Amino acid sequence: MHNPEDCYVCLIPKPTSVFESEGNFSLSRDTIIFTQKDNRETGFIANLLSTFLGEVSGYEAPVREQDSDKKQGNIYLSLKADESLGEEGYEVSITTDGVRLHANSPAGLFYGVQTLRQLLPIYSSETASLPAVSIRDVPRFEWRGAMLDVSRHFFGVEDVKRFIDLISHYKINRLHLHLSDDQGWRVEIKSWPRLTEVGGSTQVGGGKGGYFTQEQYKEIVDYARSRYIMIVPEIDTPGHTNAALASYAELNSSEEAPELYTDTRVGFSSLWINSEITYTFLDDVIREVAALTPTPYIHIGGDEARSTSEEDYKYFIKRIQEIVAAHGKTAIGWSEIGEAELLPGTIAQIWIPAGFENAKRQSAKMILSPANKIYLDMKYDTSSPLGLDWAGLVSVKDSYDWEPGSYMEGLEESQILGIEAPLWTETVQSMKDIEYMTFPRLLGVAELAWSPKGQTWDDYRQRLAAHGERMEAMGINFFKSPDVDWE
Ligand code: TNX
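Because the structure is a prediction, the values reported are computed rather than measured.

S.K.: Looking at this model, I keep getting lost on the site of the ligand. Mind explaining?
M.R.: Neighbouring residues of the ligand: 13 residues in total, closest Arg152, Tyr375, Asp377, Trp390 and Glu426. One of the side-chain N or O atoms of arginine 152 is found 2.7 Å from an oxygen atom in the ligand. Relative to its free-state accessible area of 370 Å², the ligand is covered by the protein chains to the extent of 97%. A breakdown of the residues in the shell around the ligand according to their chemical character gives seven nonpolar, one polar and five charged.

If you want it as structure tokens, here you go:
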């Protein structure tokens, strides 16, 4: 096992098409990576490939610019490709003579490089090679997401960067950061400094919490962008707001600030819906977050507003969408926002059926995050040391073996933007915990989002079994699920 010829079978997510041929391309001390002239992004991706080659061959191939694609015996990355590959697809051909990777955009090249990484041997050897194979690969959905809750427990820049590195290997392209909740406010807002000074000072269990300065948040956005991942910031409203309410008395209808909260109940907090100060506050927050976030989306939460009346909720959701739009962004909200009037373009993220029918009637695009299938914070089985179980147990098989296209009744595939797996962190306290709950379930989610419809659990399960050693080599603390016969 693990000779390079076998390796193509363990690609995750599985490519659109794979054709094997004879032989392989041997890496040598003469191997050079060529890129097109004058493209800085391609240079960065080529350097990443060089690092991956170095890890297994002990030799980091140099990167050079070149005008034409004539040269033999080397690796060539090109931004000239078949139009049908779209924005994110790529084509790679490996022969005994060399490697040709083509895409229409740097993102496509980046995904091609992740595929090449999985085709390389797991362990370093002097005779490292790539199997002769020809792959054409185009994603099924444009939204391939993971969510990390940095509010219940705070995770700093280094942890978030590691998370980005790990998920980008599976062609995930959205990282939704849940930046505020009852237990903590995690992004600096210069016009309302107590949000982080007070609201960021603790977390579940009473630890010291923390927050991202605006500089740190920008660092995360840039780091993610260099891995073709878009950061989607969430400011959860009008419920899940105790940290903000504790920071500023004027946001409370009682005009008194509650204590900070470090337990895990939900549904008890609400912004003061009928006060203009609330909307001044939100306008400031959204303006600052929008200015830090170069991409189109801001998530407004909208979930579990059990302390807001229905009438107030509808009024509020309408107004906050207008604020988001005024700052040039598109709003995303959890299922429940479907009960309110949605502005054209607003996206509903479905985690429970509530709100779904009304969101569908309003033609909202949907992101699917069904809790009983892909909540990464659910226990795997009754013996899981971490996690919750309100949506049931979510085994590795459960998280893979469902079909997004027919999951919600009457939902056309064209209305589905994609899927996203959230990791809520009430019970998750360290990077090791994050990895344990995320891996390997997120790999299955990545495949559901990327690969053509109609993959089977049996086939996936074998690829995952072969992939375990690779996760080990990457230092990932993954759950060795009994659903899989790990090699
Ligand atoms: C429900 S999912 C929540 C979160 C919790 C999660 C725990 C959603 C939109 N709201 O506030 O952290 O359950 O699984």
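S.K.: What exactly am I supposed to notice about the sheet that holds strand S14 (residues 330-334) here?
M.R.: Strands pair in a sheet through their backbones, by hydrogen bonds, and they do so in one of two ways: parallel or antiparallel. The strand order S8-S9-S12-S13-S14-S15-S16-S17 describes a closed barrel built from eight strands, whose pairing is parallel. The sheet shows a mean angle of 30 degrees between the axes of neighbouring strands, taken without regard to direction. Here four bridges tie strand S15 (residues 347-350) to strand S16 (residues 365-368), and the two strands are oriented parallel to one another. Its bridge partner lying in S16, glutamine 349 is registered against isoleucine 367.

S.K.: So what exactly am I meant to see when it comes to the pairing of strand S9 (residues 174-178) here?
M.R.: Both faces of the sheet carry side chains from a regular strand, because those side chains alternate between them. Most of S9 sits out of view: five of its five residues are buried. The alternating pattern of S9 places Arg174, His176 and His178 on one face and Leu175 and Leu177 on the opposite face, and all of these are buried. Two elements, strand S8 (residues 143-149) and S9, share five bridges in a ladder whose sense is parallel. Bridging from a neighbouring strand, glycine 145 pairs with arginine 174 of S9. After leaving S8, the chain enters helix H4 (residues 157-168) and then returns to the sheet as S9, a path that is right-handed.

S.K.: Is there a simple way to explain the sheet that holds strand S1 (residues 17-26) in this structure?
M.R.: Read from one edge of the open sheet, seven strands run S1-S7-S5-S6-S4-S2-S3, paired in mixed fashion. Both outer strands of the open sheet, S1 and strand S3 (63-66), are each paired with one neighbouring strand and no more. Within the sheet, the average angular offset between the axes of one strand and its neighbour, ignoring direction, is 20 degrees.

S.K.: Which parts of the structure should I look at to understand the domain arrangement of the chain?
M.R.: How large an interface is tends to be reported as the accessible area lost when its parts come together. Annotation of the chain at the domain level lists domain 1 (4-137) and domain 2 (143-473). One C-alpha centre belongs to domain 1, the other to domain 2, and the line joining them spans 34 Å. In this assembly, 27 residues from domain 1 lie in contact with 25 residues from domain 2. Our enumeration of links across domain 1 and domain 2 arrives at two salt bridges. Its salt-bridge partner being glutamate 88, residue arginine 144 comes within 2.8 Å of it at the nearest N-O pair. Between domain 1 and domain 2 we count 16 residue pairs in polar contact (both at pLDDT 80 or more) in total. Those elements that provide at least two residues to the side of domain 1 that touches domain 2 are helix H2 (40-57) and helix H3 (106-119). Looking at which element gives the most residues to the side of domain 1 that touches domain 2, the answer is H3, with eight residues. Here the residues of the side of domain 1 that touches domain 2 are counted per class, giving 18 nonpolar, four polar and five charged.

S.K.: Sorry if this is basic, but what is going on with the packing of helix H8 (residues 276-292) against helix H9 (residues 310-326) here?
M.R.: How two helices pack is summed up by the angle between their axes together with the distance between the axes. Across the interface, H8 lies against H9 with an axial gap of 10 Å and an inter-helix angle of 35 degrees. At the point where H8 passes H9, the crossing takes the right-handed sense. Facing H8, whose interface residues are Glu276, Thr278, Tyr279, Leu282, Asp283 and Ile286, H9 presents Tyr315, Phe316, Arg319, Ile320, Ile323 and Val324. Residues of the contact of H8 with H9, tallied by class, amount to eight nonpolar, one polar and three charged.

S.K.: Help me understand the side chain of threonine 237, please; the structure alone is not making it clear to me.
M.R.: Structurally, threonine 237 is set in strand S12 (residues 230-237). Taking relative accessible area as the criterion, threonine 237 reaches 1% and is therefore assigned buried. A polar contact of 2.8 Å, which involves the side chain of threonine 237, links it to the backbone oxygen of isoleucine 300. Every residue in contact with threonine 237, bar those within four places of it in the chain, is listed here: Leu271, Leu282, Ile300, Gly301, Gly302, Asp303, Phe316 and Ile320.

S.K.: Would you explain the packing of aromatic side chains in this entry?
M.R.: For any pair of aromatic rings, geometry is given as the distance between the ring centres together with the angle between the planes. Overall, the coordinates contain 25 aromatic pairs when judged by the stated rule. Their ring planes at 50 degrees and their centres at 6.4 Å tell us that tyrosine 170 and phenylalanine 439 sit as a pair that is tilted. Taken as a pair, tyrosine 170 in the loop between H4 and S9 and phenylalanine 439 in the loop between helix H14 (431-438) and helix H15 (441-450) lie far apart in primary sequence, 269 residues in all. With respect to burial, tyrosine 170 and phenylalanine 439 carry one shared label: buried. Ring plane angle 45 degrees and centroid distance 5.5 Å describe the contact between tryptophan 334 and tryptophan 424, whose orientation is recorded as tilted. Residue tryptophan 334 is found in strand S14, and its partner tryptophan 424 is found in the loop between strand S17 (416-423) and H14; the two are separated by 90 residues along the sequence. Three or more aromatic residues joined by ring pairs make a cluster, and in this case those are Trp334, Trp351, Tyr375, Trp390 and Trp424. The ring centre of tyrosine 279 lies 3.9 Å from the NZ or CZ of arginine 319, which sits over that ring. Above the face of the tyrosine 380 ring, arginine 441 is positioned so that its terminal group lies 3.7 Å from the ring centre.

Conventions used here
Residues numbered from 1 in each chain as written. Predicted model: local features only at pLDDT ≥ 70, side-chain atom pairs only at ≥ 80, totals over all residues. Heavy atoms only, no water. Near = heavy atom within 4 Å. Polar contact = N/O pair within 3.5 Å; in protein donor to acceptor, adjacent residues only side chain to side chain. Areas by Shrake-Rupley, 256 points an atom, 1.4 Å probe, with all protein chains shown as cover. Nonpolar A, V, L, I, M, F, W, Y, C, P; charged D, E, K, R; others polar. Pairing = 2+ DSSP bridges. Helix = DSSP H or I, 4+ residues; strand = E, 2+ residues; numbered from the N terminus. Axes fitted to C-alpha atoms, helices over the stretch in contact; angles between N-to-C directions. Buried < 20%, exposed > 50% of the residue type's maximum accessible area, 1.4 Å probe, protein only. Right-handed = clockwise from strand over helix to strand, strands pointing away. Domains from an automatic or database assignment. Contact = heavy atoms within 4.5 Å. Salt bridge = Lys/Arg side-chain N within 4 Å of Asp/Glu carboxyl O. Left-handed = near helix turned anticlockwise from the far one by under 90°. Phe/Tyr/Trp six-rings, centres within 6.5 Å; stacked < 30°, edge-to-face > 60°. Lys NZ or Arg CZ within 6 Å of the ring centre and 35° of its normal.

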